[in-house]
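Close look at the chain arrangement
Single-letter residue listing:
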Amino acid sequence: MHAPTNRTETKRLRLKELAAHLDLSITTVSRALAGYPDVSEQTRQRVREAADAFGYVPNQVGRMLVSGRSNFVGMLLPIEPHALVDPYLADFLAGLAGGLTQRGRDLFLATVPAGQDDLAVLRRVVESRRADAVVLYRLTCEDPRVTFLIERGVPFVAHGRTLASTEAYSWLDTDGEGAFYDLGRRLIALGHRRFAMLGPAKDYTYAFLRRRGLERALAEADLPPPVVMAAPLGDAGAMARAAAALINSDPRPTAVVGLKDQLALAVLEEARREGIAVPQALTVVGFDDTPVAAYADPPLTTFSQSIAEGAATIAAMVVERLEQGEAGIRGHLVKPRFVPRASHGPAPAGAG
């Protein structure tokens, strides 16, 4: 039997026929396609190549019944009414789904409607066994989802960290604390003495750490901590009101740091409405380097953390956790890259 040159002209094989072609047992072929670590990587690659050549598509239901695996990785997706689309989330999902597909898994999204407890949705996903593993998106300082998954023995990878020990689970995070510490020192060197910060309303760990980094830089320079306001992410009205309150405070800050690009962009928009020149009268900096940041007016100074690449790394970590068990648990801290554009500059004269 020879691989066809045009799969559309050939009837797709059954698992039994694929195994016979490879001179392997049906069990070995099935486990190779499912990515089991007890099958050598060489054999898995050989089976995948033959399956692709013959256009073989496994029976997902049958595979699940035999292996006990769904080959899905679950992730909760909160749905907020009237909220703006988060460009960071879009890039993250693309990178995660692509990384999983390359490794023979699929992404399963469980929506969390507004007002519903995400822990309750997560519990349903786990108890229904619709996913072999879970990706937790944006951890809070004391995230009950982490405790739940550890207690239930469910493999997962966290996007972010809690403030407690991280030794019991895999995680990938960006060093926002170090980035904002360096940012504080950079802006202080440019003459800035009055700082403000706009963050999310929820107690995300990344927000806590980024704020701590900036506060540490200011404290070392004997400067007061930043004025801080919060707004729900994606609520355009709330973000605009919080941004307006910050830039109209007395005395006005010379530098406003948005803990995410969409918050910094809200500050830019309000500054434009108020006739405040950026960066001549006000410096504005964000974090994430989402695509819109480069096209803002003026282009937004920010930090890049390679969103899609980080999500693809999480996909690889999920598969590693599934294949290696607890031996696959690891943490990964990513250093973001400062992206200087046109929204930051020296403090205005006389603003000491």
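Residues numbered from 1 in each chain as written. Predicted model: local features only at pLDDT ≥ 70, side-chain atom pairs only at ≥ 80, totals over all residues. Heavy atoms only, no water.

- Looking at an unreviewed UniProt entry, the protein carries the name LacI family transcriptional regulator, with the source organism given as Chelatococcus composti.

1. Focus: the overall build of the protein
- Scanning the protein for helices and strands turns up 12 helices and 12 strands.
- Taken over 352 residues, the protein has a buried fraction of 49%.
- When contacts within the protein are restricted to residue pairs at least 6 apart in sequence, those whose partners lie at least 24 apart make up 68%.
- For the protein, the computed accessible surface area is about 16900 Å², with 52% contributed by carbon and sulfur atoms. (Helix = DSSP H or I, 4+ residues; strand = E, 2+ residues; numbered from the N terminus. Buried < 20%, exposed > 50% of the residue type's maximum accessible area, 1.4 Å probe, protein only. Contact = heavy atoms within 4.5 Å. Areas by Shrake-Rupley, 256 points an atom, 1.4 Å probe, with all protein chains shown as cover.)

2. Quick word on helix α8 (residues 176-189)
- Across its 14 residues, α8 extends 20 Å between first and last C-alpha, which sits within 8% of the 20 Å expected from 1.5 Å per residue.
- Among the 14 residues in α8, 10 count as buried, and that is most of the element.
- What α8 keeps buried is the set Gly-176, Glu-177, Gly-178, Ala-179, Phe-180, Tyr-181, Leu-183, Gly-184, Leu-187 and Ile-188.
- Following α8 by one or two positions, Gly-191 has its phi on the positive side, about 95°. (Expected span 1.5 Å × (residues − 1).)

3. As for the sheet that holds strand β7 (residues 227-231)
- Strand order in the open sheet formed by 4 strands is β7-β6-β8-β9, with parallel pairing between adjacent strands. Strand pairing shows two members of the sheet lacking a second neighbour, β7 and β9 (283-285), which therefore form its edges. Neighbour to neighbour, the strand axes of the sheet diverge by 20° on average, direction disregarded.
- Of the pairings in the sheet, the one linking strand β8 (residues 255-258) to β9 comprises 3 bridges and is parallel in character. For Val-257, the partnering residue across the bridge sits in β9 and is Val-285.
- The sheet contacts of helix α10 (residues 236-247) involve β6 (195-200), β7 and β8, and relative to β7 the element is tilted by about 165°. (Pairing = 2+ DSSP bridges. Axes fitted to C-alpha atoms, helices over the stretch in contact; angles between N-to-C directions.)

4. Concerning the packing of aromatic side chains
- With the rule as written, the count across this model stands at 9 aromatic pairs.
- Residues Phe-180 and Phe-287 carry aromatic rings whose centres are separated by 5.6 Å and whose planes lie at 55° to one another, so their mutual orientation is tilted. Here Phe-180 is found in helix α8, whereas its partner Phe-287 is found in the loop between β9 and β10 (302-304), with 107 residues between them in sequence.
- A residue is classified by how much of its surface remains accessible, and Phe-287, at 0% relative accessible area, is buried.
- Each ring, one from Phe-287 and one from Phe-303, has its centre 5.4 Å from the other, and the planes form 25°; the classification is stacked. (Phe/Tyr/Trp six-rings, centres within 6.5 Å; stacked < 30°, edge-to-face > 60°.)

5. Some remarks on the nonpolar core
- Residues Leu-198, Ile-247, Val-256, Val-267, Leu-282 and Val-284 are the most contacted members of the largest nonpolar core, which totals 23 residues.
- Of all the secondary structure elements, the ones that give two or more residues to this core are β6, α10 and α11 (261-274). (Core = buried A, V, L, I, M, F, W, Y, C linked by side-chain atoms within 4.5 Å.)

6. Considerations on the pattern of salt bridges
- Summed over the entire model, instances satisfying the criterion amount to 14 salt bridges.
- With a shortest N-O distance of 3.6 Å, Glu-127 and Arg-152 are connected by a salt bridge. Here Glu-127 is found in helix α6 (residues 118-128), whereas its partner Arg-152 is found in helix α7 (residues 144-152), with 25 residues between them in sequence.
- For Arg-152, a relative accessible area of 42% translates into the label partly exposed.
- Put simply, Asp-173 and Arg-161 hold a salt bridge, and the shortest N to O gap is 2.8 Å. With Asp-173 in strand β5 (residues 170-174) and Arg-161 in the loop between β4 (156-159) and β5, the pair connects residues that are 12 residues apart, well separated along the chain. (Salt bridge = Lys/Arg side-chain N within 4 Å of Asp/Glu carboxyl O.)

7. Brief notes about the packing of α6 against α7
- Packing of α6 against α7 brings their axes to within 10 Å, and their N-to-C directions diverge by 20°. With respect to α7, the element α6 is oriented roughly parallel. When the axes of α6 and α7 are compared, the crossing they make is right-handed. Taken together, the residues of α7 that come into contact with α6 (itself represented by Asp-118, Leu-119, Leu-122, Arg-123, Val-126 and Glu-127) are Pro-144, Arg-145, Phe-148, Leu-149 and Arg-152. (Parallel < 35°, antiparallel > 145°, perpendicular 65-115°, else oblique. Left-handed = near helix turned anticlockwise from the far one by under 90°.)

8. Looking at the side chain of Glu-177
- Considering the arrangement of structural elements, one finds Glu-177 in helix α8.
- There is a polar contact of 3.0 Å between the side chain of Glu-177 and the side chain of Arg-212.
- Excluding anything up to four places from it in sequence, Glu-177 contacts Leu-209, Arg-210, Arg-212, Gly-213 and Arg-216. (Polar contact = N/O pair within 3.5 Å; in protein donor to acceptor, adjacent residues only side chain to side chain.)

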